[in-house]
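Residue-level listing of the chains:
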Amino acid sequence: MKFTLSWLKQHLSTEASVAVIADTLTMIGLEVEEVREPDPALGAFIVAHVLEAVKHPEADRLRVCTVDTGDGIIQVVCGAANAHAGMKAVLARPGVTIPATGDVLKKGVIRGVESQGMLCSSRELGLGDDHDGIIDLPAETPVGRPLPEVLDFDPLFDIAITPNRADCLGVRGVARDLAAAGLGRLLPLDIAAVKGGYRSPVTVNLDFAPDQGEACPLFVGRFIRGLRNGDSPEWLKQRLSAIGLRPISALVDITNLICFDLARPLHVFDADRLTGDLRVRMAAVGESLAALNGRTYDLAPGMIVIADAAGPQALAGIIGGEKTGCTADTVSVFLESALFEPGRVAAAGRALGIESDARYRFERGVDPASAGPGSDLATRLILELCGGEASEPVVAGREPEWTRSIVLRPARVRQLGGVDIPKPDMERILADLGCRVASHGEGLLVSPPSWRPDLEAEHDLVEEAIRIHGYDKVPAVPLPRAPMPSPVLTPAQRRRGFVRRTLAARGMMETVTWSFMPGAEAALFGGGQAALTLANPISADLDAMRPSILPNLLSAARRNAAHDMPDSALFEIGPEFHGDQPGQQALVAAGLRAGGTGPRHWAAPRRSVDAFDAKADALAVLAAAGAPAGVQVTADAPHWYHPGRSGTLRLGPTVLGWFGEVHPRVARTLDVEGPLAAFEIRLDALPPPKATATRARPLLKVAPFHPVQRDFAFVMDAAVSAEAVVKAARGADKVLITDVAVFDVYEGPGVGEGRKSLAITVTLQPVERSLTDAEIEAVSGRVVQAVTKATGAGLRG
């Protein structure tokens, strides 16, 4: 809803500044979206006199204008259709910034003709939406003066209106709220009836079935003859142009003015183009309407139309017909001011895709008592601006019953709103809003006005009292705080969050994919059973529940590569399905790395991802999930992993998950280019995390002593796994040994055929005191002894 300050002051007597008005509007619930005031940069624009405007030699739509700036004569090329000799226009000279675009104007050559400036429109100066031509100033405007000195700028407000405040879709409704908030005095409105001099030659009939009477409960019309439909006066043009409406003619502009001034939509028919009397009825099958917007609409039953003997001439509450629209030749009109059912207007507008100011107001509810006064106000303006003679009113139907009374108990304001408002202040606020207020025992008996259908119960009146009194005056009172509730997540449920944060910290991106996939792909990963086939899939190629998350991650990596992102690091935590019975669903954390470990760099060569990257991710997941020590690795991963570059993670007989490089055959089938390294950890298979410290999982203690590292190189059979060496070394002393890591493997001359050398680093962490050399040697001996016993290895000489 847009309006200017001068328009507001037609209804509100106030000396408040623009800033105070804007703040008050927002505080009373009419949120200000924009206040448009003149740009200070407009001081750089001056008044110019167009001495001559001739056709451009190389362009039919351009004119070469000779312009007097007050300081000299310059040449300007202009494309506006209204540029003509003798007019006073607004000139921008080179170096000036155009407000609408932010561009700095420069001298230029347009189709071979030099242009030394620019003649500006309202839109280019940010003064309105009119871009049909350049600004045409009054003839007496002095040449060379800065624009702010000769133009009366009017601040523009743009406010957001909630659906329940249809009354504020008119400027008077906004003014009424501001007056109630203490920002001035609401000026009286002259709604005296206009006497008619004859009976209207056009009558109106409401032709509805008995159960459709609410479609148009009231229709008020006026016949006005002998008028002249010319241009509107300048004040009316400026008022409409300021809010973005294009002035058309006096008759149309008057209806637009009252629509935005009082939230009362109207329509005028060219009476000489009507065929017989008017009937307000439902559209019939096969009827259509050629509307004022130049389009023809096929009407449907249930849409309300205003028709004459020739057919529909207007879609009620939405748009008029082109045939009976007013033109410069119009000398007689029939003015319509009616009430239409909001639901039917909204449904018809949506069905036909028509947006209009009338529809916007009717579908939110027009004041049921405004039909008669709206007709009188429009009639008075038409007679003043266009002349003519008005008939007696034509009234069909009756005003619907809208009066009601509500009891307001002052104590409820405190109970519901938390603020004390004296009873006299409540009476004043409600009276200023248009309510009739009377005493009722210890409370008030309130009768809301016709324009406030949203005031239906006591709590609505409480809200109004608090709104106008000021939301900023409601004290801030903390709510009573109940004792902190106990955690609702079990340790097993919290485990997912730990895993998610760990994988994200390792540089992986979380994905959320469908829990179903193509059946052919599901078969590659052990799925595709009939029990897991969807009876009603959302897509033909997503017809099976997923037996593994990996295929979806592989598809995501393929899509990334197709968009020039070959390196992917993705993970997902979600369910896998192995049957349709309870217990045949598993919660899995799965991840996939594709491509390289990082971008190319001069300090180190780029490395492709491999099984050890996937193993590191899997072990990090187990650590974050609280898996106990003693996880073993075996070489029996499922068939979708590379048989020589993968492994299974076990805790005793329990399989915790798998890791490794994706089998090349699977990658080819899914059309994903490698290298690809993945892991799957079955979170449900892990033992429940301990809530308290135990011997197996003691509380974290930070030792104050430096760790000690010792390196060992063992020679053993090539078939011995590094895992066996690490496990044996770690078990040599479970208190002091905190880490064992492999740092070198060698096979070749010097160690013998079928043999290899494997070097490990053992970390000893003293807890109570520093270790002596003898204690370190003792632990080292136990490490050698444990590895020799477990693997048959010996120290390398």
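In short, a report on the structure. Computed from a prediction, not measured in an experiment: that's the story for all the values here.

1. Description of the overall build of the protein
In step 1: A count of helices and strands for the protein gives 19 helices and 40 strands.
In step 2: Rg of the C-alpha trace for the protein: 42 Å, well past the compact-globule value of 28 Å for 797 residues, more than 25% over.
In step 3: Seen along its three principal axes, the alpha-carbon backbone of the protein occupies a region of about 125 × 80 × 60 Å.
In step 4: Counting over 797 residues, the protein shows a buried share of 45%.
In step 5: For the protein, the exposed surface amounts to about 39800 Å²; the carbon and sulfur share of it is 53%.

2. A look at the nonpolar core
In step 1: Ranked by size, the top nonpolar core spans 55 residues in total, and within it Leu-8, Ile-21, Leu-25, Ile-159, Val-174 and Leu-178 carry the most contacts.
In step 2: Those elements giving two or more residues to this core turn out to be α1 (5-8), α2 (18-27), β11 (156-159), α4 (171-180), α5 (234-242), α6 (250-262), β22 (332-339) and α9 (371-386).
In step 3: A total of seven residues in this core trace back to one element, the largest contributor, which is α6.
In step 4: Discounting chain neighbours no more than four positions away, the residues touching Ile-159 are Met-1, Phe-3, Leu-25, Leu-30, Glu-31, Val-32, Glu-33 and Val-174.

3. Regarding the sheet that holds strand β27 (residues 443-447)
In step 1: Read from one edge to the other, the open sheet built from three strands follows the order β25-β27-β26, with strand pairing classed as antiparallel. A strand with exactly one partner marks an edge of an open sheet, and here the two such strands are β25 (406-408) and β26 (436-440). Put simply, the sheet's adjacent strands are angled 30 degrees from each other on average, direction ignored.
In step 2: For β25 and β27, the ladder comprises three bridges, and the chain directions are antiparallel. Residue Leu-408 lies in a different strand from β27, and its bridge partner there is Leu-444.
In step 3: Against the sheet, helix α12 (residues 458-469) makes contact with β25 and β27, and its axis sits at roughly 55 degrees relative to β25, the strand it touches most.

4. Considering the pairing of strand β14 (residues 218-225)
In step 1: Of all the eight residues making up β14, seven are buried; the element is thus mostly covered by neighbouring parts of the structure.
In step 2: In terms of strand pairing, β14 meets β22 through eight bridges, oriented antiparallel. Residue pairing in the sheet places Gly-221 in a bridge with Glu-336 of β22.
In step 3: Here β14 pairs with strand β24 (residues 394-397) via four bridges, running antiparallel. Each residue of the ladder has a partner; that of Gly-221, found in β24, is Val-394.
In step 4: With two bridges joining them, β14 and strand β23 (residues 389-390) adopt antiparallel strand pairing. Each bridged residue has a counterpart across the sheet, and for Arg-225 the counterpart in β23 is Glu-389.

5. Description of the environment of Ser-356
In step 1: Here Ser-356 lies in the loop between α7 (342-352) and α8 (357-362).
In step 2: On the accessibility criterion, Ser-356 (19% relative accessible area) is buried.
In step 3: As a C-alpha pair, Ser-356 and Arg-782 span 426 residues in sequence and 90 Å in three-dimensional space.
In step 4: At a separation of 3.1 Å, a polar atom in the side chain of Ser-356 contacts the main-chain amide nitrogen of Arg-359.

6. What about the sheet that holds β11?
In step 1: Read from one edge to the other, the open sheet built from three strands follows the order β1-β11-β3, with strand pairing classed as antiparallel. Every other strand in the sheet has two partners, leaving β1 (2-4) and β3 (32-36) as the edge strands with one partner each. Within the sheet, the average angular offset between the axes of one strand and its neighbour, ignoring direction, is 20 degrees.

7. A word on the packing of helix α13 (residues 491-505) against helix α16 (residues 611-624)
In step 1: Packing of α13 against α16 leaves a shortest axis separation of 8 Å and a crossing angle of 145 degrees. Of the two elements, α13 crosses α16, and the hand of that crossing is right-handed. For the pair α13 and α16, contact is made by Phe-498, Val-499, Thr-502 and Leu-503 and by Asp-617, Ala-620, Val-621 and Ala-624, respectively.

8. Side note on α2
In step 1: Taken residue by residue, α2 has Val-18, Ile-21, Ala-22, Thr-24 and Leu-25 as its buried positions. The buried residues of α2 all sit within an arc of 165 degrees when viewed along its axis, so they share a single face. Exposed residues on α2 whose side chains face more than 90 degrees from its buried face are Ala-19 and Asp-23.
In step 2: Contact partners of the buried residues in α2: β1, α1, β3, β11 and α4.
In step 3: Gly-29, located one to two residues past α2, shows a positive phi value of around 95 degrees.

9. Considering the environment of Leu-622
In step 1: Its place among the elements puts Leu-622 in helix α16.
In step 2: Each C-alpha atom, one on Leu-622 and one on Ile-681, is 7.8 Å from the other, the two residues being 59 residues apart in sequence.
In step 3: Discounting residues that sit within four places of it in the chain, Leu-622 has contacts with Ala-627, Val-631, Leu-649, Leu-656, Ile-681 and Leu-686.

10. Regarding α9
In step 1: Look at α9: 22 Å from first C-alpha to last across 16 residues, which is about the 22 Å you get at 1.5 Å a residue.
In step 2: Looking at α9, one finds that the buried residues are Ala-371, Gly-374, Ser-375, Asp-376, Leu-377, Ala-378, Thr-379, Arg-380, Leu-381, Ile-382 and Cys-386.
In step 3: Gly-387, located one to two residues past α9, shows a positive phi value of around 75 degrees.

11. Brief notes about the pattern of salt bridges
Side chains that carry opposite charge are capable of pairing whenever their charged atoms lie near each other.
In step 1: Applying the stated criterion across every chain, the model contains 36 salt bridges.
In step 2: Its salt-bridge partner being Glu-214, residue Arg-344 comes within 3.8 Å of it at the nearest N-O pair. With Arg-344 in helix α7 and Glu-214 in the loop between β13 (204-206) and β14, this pair connects stretches of sequence that are 130 residues apart.
In step 3: On the accessibility criterion, Glu-214 (37% relative accessible area) is partly exposed.
In step 4: If you follow the salt bridges from partner to partner, you end up with Arg-165, Asp-167, Asp-177, Arg-452, Asp-454, Glu-464 and Arg-467 in one network.

12. Some details on the environment of Thr-763
In step 1: With respect to the secondary-structure elements, Thr-763 resides in strand β39 (residues 755-764).
In step 2: Residue classification places Thr-763 among the buried residues on the basis of a relative accessible area of 12%.
In step 3: For Thr-763 and Thr-738, which are 25 residues apart along the polypeptide, the C-alpha to C-alpha distance reads 5.8 Å.
In step 4: Leave out the neighbours within four places in its chain, and Thr-763 touches Pro-707, Val-708, Gln-709, Leu-736, Ile-737, Thr-738 and Asp-739.

13. Some thoughts on the packing of aromatic side chains
In step 1: Tallied over the entire structure, the rule returns eight aromatic pairs.
In step 2: Ring plane angle 20 degrees and centroid distance 5.4 Å describe the contact between Trp-514 and Phe-516, whose orientation is recorded as stacked.
In step 3: With a relative accessible area of 17%, Phe-516 lands in the buried category.
In step 4: Relative to Tyr-641, the ring of Trp-640 has its centre 6.3 Å away and its plane inclined at 40 degrees; by these criteria the two rings are tilted.
In step 5: Its relative accessible area of 10% is what places Trp-640 among the buried residues.

14. Some remarks on the state of the cysteines
In step 1: Applying the stated criterion across every chain, the model contains zero disulfides.
In step 2: With no disulfide of its own, Cys-65 lies closest to Cys-78 among cysteine sulfurs, the gap being 5.2 Å.
In step 3: According to the relative accessible area criterion, Cys-65 is buried, its value standing at 0%.
In step 4: In this model Cys-386 remains outside any disulfide bridge; the closest cysteine sulfur is found in Cys-326, 9.3 Å from its own.

15. Side note on unusual backbone geometry
In step 1: Cis geometry marks the peptide bond from Gly-674 to Pro-675, where omega comes out at 0 degrees.
In step 2: The phi dihedral of Arg-111 falls on the positive side, at around 55 degrees, and the residue is not glycine.
In step 3: The class of Arg-111 is exposed, set by a relative accessible area of 54%.
In step 4: Even without being glycine, Asp-564 reaches a positive phi, approximately 65 degrees.
In step 5: Look at Asp-564 and you get exposed, because its relative accessible area is 71%.

16. With respect to the pairing of strand β19 (residues 304-308)
In step 1: Burial within β19 is extensive, with five of its five residues counted as buried.
In step 2: Pairing of strand β16 (residues 278-282) with β19, which is carried by four bridges, proceeds in the antiparallel orientation. Note on β19: the bridge partner recorded for Met-282 is Ile-304.
In step 3: The sheet contact formed by β19 and strand β20 (residues 311-315) spans four bridges and is antiparallel.

Calculation notes
Residues numbered from 1 in each chain as written. Predicted model: local features only at pLDDT ≥ 70, side-chain atom pairs only at ≥ 80, totals over all residues. Heavy atoms only, no water. Helix = DSSP H or I, 4+ residues; strand = E, 2+ residues; numbered from the N terminus. Rg over C-alpha atoms; globule rule 2.2 N^0.38 Å. Buried < 20%, exposed > 50% of the residue type's maximum accessible area, 1.4 Å probe, protein only. Areas by Shrake-Rupley, 256 points an atom, 1.4 Å probe, with all protein chains shown as cover. Core = buried A, V, L, I, M, F, W, Y, C linked by side-chain atoms within 4.5 Å. Contact = heavy atoms within 4.5 Å. Pairing = 2+ DSSP bridges. Axes fitted to C-alpha atoms, helices over the stretch in contact; angles between N-to-C directions. Polar contact = N/O pair within 3.5 Å; in protein donor to acceptor, adjacent residues only side chain to side chain. Left-handed = near helix turned anticlockwise from the far one by under 90°. Arc of directions from axis to C-beta. Expected span 1.5 Å × (residues − 1). Salt bridge = Lys/Arg side-chain N within 4 Å of Asp/Glu carboxyl O. Phe/Tyr/Trp six-rings, centres within 6.5 Å; stacked < 30°, edge-to-face > 60°. Disulfide = S-S within 2.5 Å.

Don't take any of this as a statement about function, it's just geometry.
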